[in-house]
Amino acid sequence: MIAFWIVGAIVVASAVWTVTARKPVYSVVGLLINFAALAALYLSLSAEFLAVIQIIVYSGAILILFLFVIALLSSGVAPFAQGPNRLPRIVVPAVAIVAVALVGLVAGINGAAILTPSVSPSGSPLGPVGSAGVFGSVADFGKALFTTHLLPFEVTALILMVAVIGVVMLAGDQTPYVGSSKQAARVERQAREAILRGGDR
Amino acid sequence: MQAALGTLNALPVWLLILIKSAVLLLVVVTSFAYAMLAERKILGWMQLRPGPNRVGPWGLMQPAADAAKLILKEDLTPKTADPLIYKLAPFISLLTAFSVYAVIPWGASPSGTWAIGNVNAGILFLLAITSIGVYGISLGGWASGSKYPLLGSVRSTAQMISYELAMSLSFVGVLILSGTTSLAGIVSAQATWWFFIPQCVGFLVYVVTAVAETNRAPFDLVEAETELVAGFHTEYSGLRFGLFFIAEYVNMLTVSCIATLLFLGGWNAPFGLTMIPGVLWFVAKVGAFMFFYMWLRATLPRLRYDRLMAFGWKVLLPVATLNLIVTAVVVALRG
């Protein structure tokens, strides 16, 4: 329980830092800490597989691409230096209202226990983590993913594939589209001649 | 011996883990120091020169001298650098390099596995931690605030992401054969056949990606001195440079350990030579892999960057995928 509150505080603090940091790279570091703490939370809920996947996918793959883009776009320069650097004034009442609403919602669902988060519906979450039959183990997760939830899994894969193809179409090769190999040869010859003439085409 | 083990097991868990971690840290740091010396010696011999031989007998005190030099050197921070991230980056590198050893098992005895934590999803944990390792390099390069480090870090990020994919795929073949994600389980599944025989393609892919993942020659585009001065750690000096340096060698050690665990049978003895303890076999296999690394560095010239990326995406990834599919089909057909 103590671990929960410590990790929870880290999650919230790093999230706030992510949003308020003045340099985009600091935001990335904040998000990195956030993901790591979130993985720790998953671990404490004995969702071992989810924790590891959280690190591999979010910290290891997605966030590093953020960093990649940010480092390339703004090497050392804060891009928002001139812009308004203040949240709109309405944010304070808005946050308060949302917080109250959330607490009310949780209280409504959960009966009373807001300050004592329910860790697991059935007894102790601490078991031999990861062995089959224990909640959150790799074996059970895999079985559920590939049997009960096979269709959603495949549909998600398809959607991701569509997204990838879309990105390739949007940002991919900039060479002009040509219908035939003959035409392609002509385009290439023209390009070569342009280079030989010394001008960039 | 048994009595000593008994008293060890009677200790509280956290104290036991602390002791294990301290011992392991000592072992890893020492092996880093002598791996570095070994590399310089071996490179020297391969290039027909003696290598370091001034400090101590046969140059054996060289690592201590190097450490003293690095500690005493001035720790510079460039004016254009981002101080916080600049100082944080070497620690991220070192932290991730060392934390992998929390799950690596070194040997087995009847009472259990020699590891700090016997995690069931051990191999996934390994992947997760190594995927964090790239942050040290890319943040360090960015925060230096000069162009060569930035170029080096961008290269390293692209390279590590590309090769990590093929590396993970080469793991999956092993996972399918052994049917478990626990590292100790994978080793015990290799009691008869080491996986580099049925998974020879996977093993080849792994060896190539492992060299690329640790940014070592011939894939050391990240610190290509002919183009980028020293790549991502150009601006680092003194102990902070030392931390990056330690992280690089510890990572080499890590991928050698993974190769041993996944493909070379871990602590299983070859040819029935079981009178030699398993730990020694493990160390010998890791050492052989490390030697292979150094041999590569002495032999092969550096790749061109575009060829490196093309090789990763157009050769390694399809080969690894094909290997995975073939393995899955064979295992499914054999029931």
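The model shown is predicted, which means the values in this text are computed figures rather than measured ones. (Residues numbered from 1 in each chain as written. Chains lettered and ligands numbered in written order. Predicted model: local features only at pLDDT ≥ 70, side-chain atom pairs only at ≥ 80, totals over all residues. Heavy atoms only, no water.)

1. Thoughts on the nonpolar core
Residues and elements named next belong to chain B. Among the nonpolar cores identified, the biggest contains 109 residues, and Tyr-101, Ile-104, Tyr-135, Leu-139, Tyr-206 and Leu-262 are the most heavily contacted of them. With 14 residues, the single largest contributor to this core is helix 10 (residues 238–262). Once you skip the residues sitting within four places of it in the chain, Tyr-206 turns out to touch Met-167, Ser-170, Phe-171, Val-255, Ile-258, Ala-259 and Phe-263. (Core = buried A, V, L, I, M, F, W, Y, C linked by side-chain atoms within 4.5 Å. Buried < 20%, exposed > 50% of the residue type's maximum accessible area, 1.4 Å probe, protein only. Helix = DSSP H or I, 4+ residues; strand = E, 2+ residues; numbered from the N terminus. Contact = heavy atoms within 4.5 Å.)

2. A short note on the environment of Leu24(B)
Residues and elements named next belong to chain B. Turning to its location among the elements, Leu-24 is positioned in helix 2 (residues 13–46). For Leu-24, a relative accessible area of 14% puts it in the buried group. Separated by 92 residues in sequence, Leu-24 and Ile-116 have C-alpha atoms that sit 8.7 Å apart. Setting aside residues no more than four positions away along its own chain, Leu-24 makes contact with Tyr-101, Trp-106 and Ile-116.

3. Quick word on unusual backbone geometry
Of note in this structure, Leu48(B) is not a glycine but carries a positive phi near 60°. Using a relative accessible area of 80% as the deciding quantity, one classes Leu48(B) as exposed.

4. Section: empty space enclosed by the protein
With the rule as written, the count across this model stands at four cavities of 30 Å³ or more. Estimates place the volume of the largest cavity at around 310 Å³. Lining the largest cavity are 21 residues, with Met160(B), Glu213(B), Thr214(B), Ala247(B) and Asn251(B) sitting closest to its centre. When contributions to the lining of the largest cavity are tallied by element, the ones reaching two or more residues are helix 4 (83–99), helix 5 (122–143), helix 6 (147–178) and helix 10 of chain B. Counting residues per element, the lining of the largest cavity draws most heavily on helix 10 of chain B, at six residues. Of the residues assigned to the lining of the largest cavity, the class counts are ten nonpolar, eight polar and three charged. The calculated volume of the second largest cavity comes to roughly 40 Å³. The wall of the second largest cavity is formed by Ile64(A), Leu67(A), Phe68(A), Ala71(A), Ser138(B), Ser153(B), Val154(B) and Thr157(B). Taken together, the elements giving at least two residues each to the lining of the second largest cavity come down to helix 3 (48–73) of chain A together with helix 6 of chain B. Per-element tally for the lining of the second largest cavity: the top contributor is helix 3 of chain A, with four residues. Tallied by class, the residues present in the lining of the second largest cavity amount to five nonpolar, three polar and no charged. (1 Å grid on protein atoms, 1.4 Å probe; cavity = no way out; pocket = protein on both sides within 12 Å on 5 of 7 lines; lining within 4 Å. Points joined across faces, edges and corners; volume = space filled by probe spheres on them. Nonpolar A, V, L, I, M, F, W, Y, C, P; charged D, E, K, R; others polar.)

5. Describing the layout of surface pockets
In this structure, the largest pocket spans a volume of roughly 2300 Å³. Contributing to the lining of the largest pocket are 43 residues, with Ile53(A), Ile56(A), Val57(A), Ser168(B) and Val172(B) lying nearest its centre. Going through the elements one at a time, helix 3, helix 5 (138–146) and helix 6 (150–171) of chain A together with helix 5, helix 6 and helix 12 (305–334) of chain B are the ones with two or more residues in the lining of the largest pocket. For the lining of the largest pocket, the class distribution of residues is 29 nonpolar, eleven polar and three charged.

6. Considerations on the pattern of salt bridges
Residue and element names in this part refer to chain B. This model, assessed by the stated rule, comprises two salt bridges over all chains. Residue Glu-39 is joined to Arg-297 by a salt bridge in which the shortest nitrogen-to-oxygen separation is 3.1 Å. Separated by 258 residues along the polypeptide, Glu-39 in helix 2 and Arg-297 in helix 11 (residues 278–299) bring together distant segments of the chain. By relative accessible area, Arg-297 is classed as partly exposed at 37%. The partner of Arg-40 in a salt bridge is Asp-66, and the shortest N-O contact between them spans 2.9 Å. Taken as a pair, Arg-40 in helix 2 and Asp-66 in helix 3 (residues 62–72) lie far apart in primary sequence, 26 residues in all. (Salt bridge = Lys/Arg side-chain N within 4 Å of Asp/Glu carboxyl O.)

7. Observations regarding the interface of chain B and chain A
At the junction of the two partners, chain B supplies 25 residues and chain A supplies 27 residues. Between chain B and chain A, a total of about 2100 Å² is buried, with carbon and sulfur atoms accounting for 80% of that surface. Among the residues chain B hides against chain A, the three largest losses belong to Leu124(B), Tyr135(B) and Trp142(B). Together they make up 29% of the total. Taken together, the connections running from chain B to chain A amount to zero salt bridges. Summed over the shared surface of chain B and chain A, the result is two residue pairs in polar contact (both at pLDDT 80 or more). Those elements that place two or more of their residues in the side of chain B that touches chain A are helix 4, helix 5 and helix 6 of chain B. Residue contributions to the side of chain B that touches chain A peak at eleven residues, all from helix 5 of chain B. In terms of residue class, the side of chain B that touches chain A is built from 18 nonpolar, five polar and two charged. (Buried area = accessible area lost by both parts, 1.4 Å probe. Polar contact = N/O pair within 3.5 Å; in protein donor to acceptor, adjacent residues only side chain to side chain.)

Just distances and angles here, no functional claims.
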